[in-house]
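Structural description and commentary
Each chain is listed here by its residues.
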Amino acid sequence: MPPIVAIVGRPNVGKSTLFNRLIGQRRAIVEDFPGVTRDRHYAEATRYDKPFTLIDTGGFEPVSEDRLLIQMREQSQLAIEEADVILFVMDGREGATASDLEVAKMLRRVEKPVIYVINKIDGDRQEEIVSDFYEMGIDHPLTVSAEHGRGIGELIDTVLDLLPEAPPISEAEAESETRMAIIGRPNVGKSSLVNRLLGRERMVANPVAGTTRDSVDTPFMYNRKRYVLIDTAGIRRKGKVSQKLEKFSVVQALKAMERAHVVLALVDASEGVTDQDMTVAGYAYEKGRAVILIVNKWDLVEKNNATMGEYLRDLRTRFKFLGDVPVLFVSALTGQRASKIMAEVEKVAEQFNQKVSTANLNKVMIDAVAAHPPAIFQGTRLKFFYITQTAVRPPTFLIFVNKAEGVHFSYQRYINNKIREAFGFAGVPFRVEYRDRERRG
């Protein structure tokens, strides 16, 4: 893993704005009221050929008894434990506060480099503002304006000077990395599942819909393979998303699916399948991602010997567009069957990366066309010349024919089924494109 830089501080001091400024894009949610960022938020960054992982955290309130603020504080402490360099951000407009002093005392006990950053510094009162912070025992604080970019260059230089050297990651390792997005309606247990899969309290899990707002990345290893777990804000139908903040969360969740290879689509077993569940899974299907259906909170369902079979039949009917994707019945809270998830992800990821030889593909296509010839189009029998695979993630195939426009969608479905029968692709969508073969001579 590249070295880690954690941004910590009280709520609403500009941590997320600084995070976005340092990575050069708007990844974290920024709103002008405290407590918007709740989980740790990761992003990969490279400056002057030096890679590092930047972590944005929720506000650190040392003495609050509010349950959510306590959890946010715990997340900040975990980020500090993970970090190689810590950026402690304070608000220059408000001056040094009692909470800042408590956090500074705590950081002095941490045997790691700490950079003290005074944010929101604009105008001519810089020396007067900084002197207020010297009383906290801080040496050489850096003054910046994350919003306007002032002082960011010096801050980056300081961070880079303190970073340990990162072991290089080969191209083969990067290509083998599998990114997993966990998606679903609000409060279906996504963050609890992240914690269960990682075996620690990685995410803020709170029985309040909408606790997770950002899309959050966590790198980890499983069976000596690299994975990145992406937890997303709960997706709601557009008509149900009213607040500006939630609208941005939906965008982030959709972007997370674009970055993912495998999508874990969660359904709340205690509530049953809803139209929103199918809409959310539909997003993943449209983006060509491998999908595993996770029926969570299975421990809350009253069961008999037929319950799981009936539920599975209903799922297959409702999610017909997903085909024969894997389905797991789990409880993130108790751990029931949760250990099977990563084994299934491994299988699906292997299928998503599968490469099929041109010879094997053409044998399947020739046999399929011979068993069921295509229809006549504009007075001419369609001719299938050959098929080849052009990409993975998702697997993509190209078939050359004499008249591509004449291949009816029902015959395309027939060819797709033959490819799936021959090569599997369980839970994995694939694409088949048709192209006219250029005439020779």
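This text gives an overview of the structure that appears in the document. Residue indices follow the written sequence of each chain, beginning from 1 at its first position. Side-chain atom pairs in this predicted model are given and counted only at pLDDT of 80 or more, local residue features only at pLDDT of at least 70, and totals for whole chains, interfaces and linings cover all residues. As a rule here, side-chain values come from all non-hydrogen atoms in the structure, and water together with hydrogens is ignored.

1. Quick look at the packing of aromatic side chains
Working definition: a ring pair exists when centres of Phe, Tyr or Trp rings (six-membered ring for Trp) sit within 6.5 Å. Plane angles under 30 degrees give stacked, over 60 give edge-to-face, the rest tilted. All told, the structure shown has 15 aromatic pairs when counted by the stated rule. Measuring from centroid to centroid gives 5.9 Å for Tyr311 and Phe329, while their planes differ by 90°, and the two rings are edge-to-face. Here Tyr311 is found in helix 10 (residues 307-318), whereas its partner Phe329 is found in strand 12 (residues 327-329), with 18 residues between them in sequence. Both residues of the pair, Tyr311 and Phe329, belong to the buried class. A ring pair is formed by Tyr411 and Tyr414, whose centres lie 5.3 Å apart and whose planes are at 45°; its orientation type is tilted. Here Tyr411 pairs with Tyr414, and both are found in helix 13 (residues 409-423), just three residues apart, close to one helical turn. Exposed residues in this analysis have more than 50% of their type's maximum accessible area, buried residues have under 20%, and partly exposed residues fall in between, with area computed by a 1.4 Å probe over protein chains only. With a relative accessible area of 7%, Tyr411 lands in the buried category. Linked through ring pairs, Phe384, Tyr411, Tyr414 and Tyr434 together constitute an aromatic cluster. The ring of Phe385 has Arg437 sitting right over it, with the charged end atom 3.7 Å from the ring centre. Secondary structure elements are defined from DSSP: runs of H or I of at least 4 residues count as helices, runs of E of at least 2 residues count as strands, and each element is numbered from the N terminus. Sitting over a ring, as applied to charges here, requires NZ of Lys or CZ of Arg to be within 6 Å of the ring centre and within 35 degrees of the ring normal.

2. Here's the deal with the packing of helix 1 (residues 15-23) against helix 5 (residues 152-162)
Where helix 1 meets helix 5, the closest approach of the two axes is 11 Å, and the angle between their N-to-C directions is 80°. When the interaxial angle is binned, helix 1 and helix 5 end up roughly perpendicular. Between helix 1 and helix 5, the contacting residues are Leu18, Arg21 and Leu22 on the first element and Ile152, Leu155 and Ile156 on the second. Among the residues forming the contact of helix 1 with helix 5, the class breakdown is five nonpolar, no polar and one charged. Every axis corresponds to a line fitted to the C-alpha atoms, with the helix fit spanning only the stretch in contact, and the corresponding angles, defined between N-to-C directions, vary from 0 to 180 degrees. Note on terminology: angles under 35 degrees are roughly parallel, angles over 145 are roughly antiparallel, angles of 65 to 115 are roughly perpendicular, and the others are oblique. Contacts are assigned to residue pairs with any non-hydrogen atoms lying within 4.5 Å of each other. Note on residue classes: Ala, Val, Leu, Ile, Met, Phe, Trp, Tyr, Cys and Pro are nonpolar, Asp, Glu, Lys and Arg are charged, and everything else, Gly too, is polar.

3. Focus on the pattern of salt bridges
A carboxyl oxygen of Asp or Glu within 4 Å of a side-chain nitrogen of Lys or Arg is what we treat as a salt bridge. Tallied over the full model, the rule gives ten salt bridges. One salt bridge connects Glu177 with Arg226, and the closest N-O pair in it is separated by 3.0 Å. Highlighted residues: Glu177 in the loop between helix 6 (171-176) and strand 7 (178-183) and Arg226 in strand 9 (residues 225-231), separated in sequence by 49 residues. Its relative accessible area of 14% is what places Glu177 among the buried residues. Residue Asp268 is joined to Lys297 by a salt bridge in which the shortest nitrogen-to-oxygen separation is 3.2 Å. Within this pair, whereas Asp268 is found in strand 10 (residues 262-268), its partner Lys297 is found in the loop between strand 11 (290-296) and helix 10, the two being separated by 29 residues in sequence. Both residues of the pair, Asp268 and Lys297, belong to the buried class.

4. Concerning unusual backbone geometry
A cis amide bond, omega 0°, links Arg393 with the succeeding residue Pro394. Take Pro394: it is sitting in the loop between strand 15 (384-391) and strand 16 (396-401). We note that Arg224 has phi near 65°; this positive angle belongs to a residue other than glycine. By the element assignment, Arg224 lies in the loop between strand 8 (216-222) and strand 9.

5. Some details on the nonpolar core
Leu264 and Phe384 are the most contacted members of the largest nonpolar core, which totals 50 residues. Ranked by residues supplied to this core, first place goes to helix 11 (residues 340-352) with six residues. Residues contacting Leu264, with those up to four places away along its chain left out, are Met180, Ala181, Ile182, Ile183, Leu197, Ile292, Ile294, Ile341 and Val345. What is meant by a nonpolar core is a set of buried Ala, Val, Leu, Ile, Met, Phe, Trp, Tyr and Cys residues, joined one to another through side-chain atoms within 4.5 Å. In terms of nonpolar packing, the next biggest core, distinct from the first, is built from 29 residues, Val263, Met278, Ala281 and Val327 among them.

6. Quick look at the environment of Lys320
Among the secondary structure elements, Lys320 is positioned in the loop between helix 10 and strand 12. Overall, the relative accessible area of 69% leaves Lys320 in the exposed class. For the pair Lys320 and Met278, spaced 42 residues apart in sequence, the C-alpha to C-alpha distance is 9.8 Å.

7. Here we look at the sheet that holds strand 15
As summarised here, the arrangement of the three strands in space is 15-16-17, forming an open sheet in which the pairing is mixed. Every other strand in the sheet has two partners, leaving strand 15 and strand 17 (431-436) as the edge strands with one partner each. Strand-to-strand, the axes of this sheet are offset by a mean angle of 25°, without reference to chain direction. When DSSP finds at least two bridges between two strands, those strands are taken to pair. Both strand 16 and strand 17 contribute to a ladder of six bridges, which runs parallel. Along strand 17, the bridge assignment pairs Leu398 with Glu433.

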